[in-house]
Amino acid sequence: MRRSALALPALVLALAAQAASGEKIGAVDTAFQWIGRDHDILVEAYDDPAVQGVTCYVSRARKGGIKGTLGLAEDRAEASIACRQVGPISIPEPLKKQEEVFSERMSILFKRLRIVRMVDTQRNVLVYLTYSEKLIDGSPQNSVTAVPVERSLPIPIRP
């Protein structure tokens, strides 16, 4: 009885960690699978936790089938990103010059999708880079986007 009482909280924590991803905007099927979900391209929105008024939209392929449905398939190491101003920009605390703002597991073992924010102080621009840790032919797949911030709001940087 004691063992099952501990197993349930562990399962809940594992599911919560898996759900700690972006907000699903939509998905498009790319290949039919007889068993399990279809292969698809998923589009998710991530609000920048340190910059109010900026949202990043990330698209990435997901494998379906039995392994994909169970979360055991290794998704492709490719993603595309577009970050946009979706409201008035507010930066309550100074930002690091470069900082990882989102990270999400793409396979059960090693691969993660990462989004890094960089600050271009000379142009007053927030630059967002998405990449995967898995190397493809010696170089990780990546995508970059930028959000200009009005000059009247200089981006504060942590010393």
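The following paragraphs examine the structure supplied in this document. (Residues numbered from 1 in each chain as written. Predicted model: local features only at pLDDT ≥ 70, side-chain atom pairs only at ≥ 80, totals over all residues. Heavy atoms only, no water.)

Let us look at the state of the cysteines. Enumeration according to the criterion identifies one disulfide in this entry. The residue that forms a disulfide with C56 is C83, at a sulfur-sulfur distance of 2.0 Å. The disulfide joining C56 to C83 has a torsion of about 105 degrees about its S-S bond and is therefore right-handed. With a gap of 27 residues between them, C56 in strand β3 (residues 52–62) and C83 in strand β4 (residues 79–90) connect regions that are remote in the sequence. The buried category is assigned to C56, whose relative accessible area is 0%. By relative accessible area, which is 1% here, C83 ends up buried. (Disulfide = S-S within 2.5 Å. Helix = DSSP H or I, 4+ residues; strand = E, 2+ residues; numbered from the N terminus. Buried < 20%, exposed > 50% of the residue type's maximum accessible area, 1.4 Å probe, protein only.)

So, on to the environment of R158. With respect to the element layout, R158 can be found in the segment after β8 (142–148). What makes R158 partly exposed here is its relative accessible area of 42%. In the structure, R158 is positioned 65 residues away from E93 in sequence and 8.5 Å away in space, judged by C-alpha atoms. Once residues lying within four places of it in the same chain are set aside, the contact partners of R158 are P94, L95, K96 and E99. Engagement of the side chain of R158 in a polar contact is seen with the backbone oxygen of P94, the distance being 3.4 Å. (Contact = heavy atoms within 4.5 Å. Polar contact = N/O pair within 3.5 Å; in protein donor to acceptor, adjacent residues only side chain to side chain.)

On to the pattern of salt bridges, then. Counted by the stated rule, this structure contains four salt bridges. R117 is the partner of E99 in a salt bridge, and the nearest nitrogen-oxygen pair spans 3.2 Å. On the criterion of sequence distance, the pair formed by E99 in strand β5 (residues 98–105) and R117 in strand β6 (residues 112–120) is long-range, its members being 18 residues apart. Classification of E99 as partly exposed rests on a relative accessible area of 22%. The shortest N-O distance in the salt bridge between E100 and R114 comes to 2.8 Å. Separated by 14 residues along the polypeptide, E100 in strand β5 and R114 in strand β6 bring together distant segments of the chain. For R114, a relative accessible area of 15% translates into the label buried. Residues joined in a network through salt bridges with shared partners are D48, E99 and R117. (Salt bridge = Lys/Arg side-chain N within 4 Å of Asp/Glu carboxyl O.)

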